[in-house]
Amino acid sequence: TYISLRKLENKILKELARYSMTMEEIENSIKVSIDQFYGIEINDFAVAVAKTAMWIAENQMLQETEILIKKNIPVLPLAFPSAATISPSSPTNFFIKFIITVATFFRLPN
């Protein structure tokens, strides 16, 4: 999903560049980032693999954007705030925790 959204964003930025935007405005217009994505994995290893895959996808898409705007975009160091939120949990446990959180927040009767 991330790659598809970034490809669409790059197409839009390419069209905007043809008409009015400067390259610096394009660089500041990148809005889709991996920290907007959430996921659930069953174990810690799967979480690490998923986060690594998201970082690789982000790097690939930033390289495509660099070609588009003809300017280097720094990607290192990898920072934890710039990472997809992937939790080690089963979907059932995640759903139960979500329901408990909502029930606690709204103080729903038992």
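Details of the structure are given in the entry above.
Summary of the structure given here. (Residues numbered from 1 in each chain as written. Predicted model: local features only at pLDDT ≥ 70, side-chain atom pairs only at ≥ 80, totals over all residues. Heavy atoms only, no water.)

Turning to the overall build of the protein chain, a few remarks are in order. A tally of regular secondary structure across the protein chain gives four helices and two strands. The order of helices and strands in the protein chain, counted from the N terminus, is α-α-β-α-β-α. The contacts of the protein chain with a sequence gap of at least 6 include a subset with a gap of at least 24, amounting to 79%. Total accessible area computed for the protein chain in this model is approximately 8,200 Å², and 63% of it derives from carbon and sulfur atoms. (Helix = DSSP H or I, 4+ residues; strand = E, 2+ residues; numbered from the N terminus. Contact = heavy atoms within 4.5 Å. Areas by Shrake-Rupley, 256 points an atom, 1.4 Å probe, with all protein chains shown as cover.)

So, on to the pattern of salt bridges. According to the stated counting rule, one finds one salt bridge in the structure shown. Glu9 is paired through a salt bridge with Arg6; the nearest N and O atoms lie 2.7 Å apart. On the criterion of helical spacing, the pair formed by Glu9 and Arg6 is a turn pair, its members being three residues apart in helix H1 (residues 2-19). Comparing Glu9 with Arg6, the two get one shared label, buried. (Salt bridge = Lys/Arg side-chain N within 4 Å of Asp/Glu carboxyl O. Buried < 20%, exposed > 50% of the residue type's maximum accessible area, 1.4 Å probe, protein only.)

Attention now goes to the packing of H1 against helix H3 (residues 44-69). It is the contact of H1 with H3, at a shortest axis distance of 10 Å, that shows an interaxial angle of 10°. In terms of orientation, H1 and H3 fall into the roughly parallel class. Note on packing geometry: the crossing formed by H1 with H3 is right-handed. Residues Tyr2, Ile3, Arg6, Lys7, Asn10, Leu13 and Lys14 of H1 form the contact with H3, whose participating residues are Met54, Ala57, Glu58, Gln60, Met61, Leu62, Glu64, Thr65 and Leu68. The residue inventory of the contact of H1 with H3, partitioned by class, reads eight nonpolar, three polar and five charged. (Axes fitted to C-alpha atoms, helices over the stretch in contact; angles between N-to-C directions. Parallel < 35°, antiparallel > 145°, perpendicular 65-115°, else oblique. Left-handed = near helix turned anticlockwise from the far one by under 90°. Nonpolar A, V, L, I, M, F, W, Y, C, P; charged D, E, K, R; others polar.)

On to the environment of Lys51, then. Its place among the elements puts Lys51 in helix H3. Note on Lys51: relative accessible area 26%, which makes it partly exposed. Placed twelve residues apart in sequence, Lys51 and Gly39 show a C-alpha to C-alpha distance of 9.7 Å.

Attention now goes to H3. The end-to-end C-alpha separation of H3 is 37 Å, in line with the 38 Å expected for 26 residues at 1.5 Å each. All of the buried residues along H3 are Val47, Ala50, Met54, Trp55, Ala57, Glu58, Met61, Leu62, Thr65, Glu66, Leu68 and Ile69. For H3, the side-chain oxygen to backbone nitrogen distance between the N-cap and Phe45 is 3.2 Å, and the N-cap itself is Asn43. Among the residues trailing H3, Lys70 stands out with phi positive, at a value near 55°. (Expected span 1.5 Å × (residues − 1). Polar contact = N/O pair within 3.5 Å; in protein donor to acceptor, adjacent residues only side chain to side chain.)

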